[in-house]
Amino acid sequence: MFFNCHNHTHYSNLRLLDCIIKPKDLVDKAIELGLSGVAITDHEALSGHMEINMYAKKIREKHPDFTVALGNEIYLTDTRDKGQPYYHFILIAKDAEGHKGLRELSSKAWYNSYFDRGMERVPTLKSELADIMSRYKGHIMGTTACMGGELSKLIIAHSVETESGNSAEAEAIFCKIVDFINFCIDTFGMDDFYIECAPSDAKDQIMVNQKLMEIASYRGLHMIPATD
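Summarised in this report is the structure supplied together with it. (Residues numbered from 1 in each chain as written. Predicted model: local features only at pLDDT ≥ 70, side-chain atom pairs only at ≥ 80, totals over all residues. Heavy atoms only, no water.)

1. What about the packing of helix α5 (residues 150–163) against helix α6 (residues 167–188)?
Working step 1: Contact geometry for α5 and α6: axes closest at 8 Å, N-to-C directions at 160°. When the axis of α5 is compared with that of α6, the two are roughly antiparallel. The interaxial crossing formed by α5 with α6 has left-handed handedness. Contacts between α5 and α6 pair E150, L151, L154, I155, A157, H158, E161 and T162 from the former with E169, A170, I173, F174, K176, I177, F180 and I181 from the latter.
Working step 2: When its residues are assigned to classes, the contact of α5 with α6 shows ten nonpolar, two polar and four charged. (Axes fitted to C-alpha atoms, helices over the stretch in contact; angles between N-to-C directions. Helix = DSSP H or I, 4+ residues; strand = E, 2+ residues; numbered from the N terminus. Parallel < 35°, antiparallel > 145°, perpendicular 65-115°, else oblique. Left-handed = near helix turned anticlockwise from the far one by under 90°. Contact = heavy atoms within 4.5 Å. Nonpolar A, V, L, I, M, F, W, Y, C, P; charged D, E, K, R; others polar.)

Okay, here's the thing in structure tokens:
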């Protein structure tokens, strides 16, 4: 049965208009479709967790095998410089201790928020993620997220440079891919880091999915599908 690890609700609209789905409606539809569960991963927002957790308890007797997980789609960067890309990354708590870690990470991101290009930005630095995860390793899982994630963006850039015959730049991007994968493995461990792909008939997504599969296979990593 399919567990969807990347989902949004109207709580993702704190800084941008992203989703109109109410948490209860998301869960009801997932049950109707026969899913085994869903993770709520709003954009740097844990605001819906109390509501969704209360609803999960309410439906537990009727749907004991359905799982509602609590997560966060963060923006993972190296610095807080303005004008940079804000890469997506998924965090999902495995237990109450993991959720404590999510709250700590989210609080740090919001405390250090700033405005860039007309929008409030709430990135989490890789150094902060590594530091906080050192205390919550085994309690939080991470995935590479969607096409807005750093890994997918690097794969596309590598493909462009390769097709252009720019071997030096392609090699530099390849090294960034290796560094990113190594960072994630060091931070989460092999058992709690997942390569995320998405079903699509879009040319770029198909190409990225193929490369993601190659990376996961070569490094012995878990792969997980999600529909964002």
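2. Comments concerning the pattern of salt bridges
Oppositely charged side chains are able to pair whenever their charged atoms sit close together.
Working step 1: This model, assessed by the stated rule, comprises nine salt bridges.
Working step 2: One salt bridge in this structure joins K29 and E32, with 3.3 Å as the shortest N-O distance. In this pair, K29 and E32 are both assigned in helix α1 (residues 23–33), three residues apart and thus about one turn of the helix distant.
Working step 3: In this structure K29 comes out as partly exposed when scored by relative accessible area, which is 42%. (Salt bridge = Lys/Arg side-chain N within 4 Å of Asp/Glu carboxyl O. Buried < 20%, exposed > 50% of the residue type's maximum accessible area, 1.4 Å probe, protein only.)

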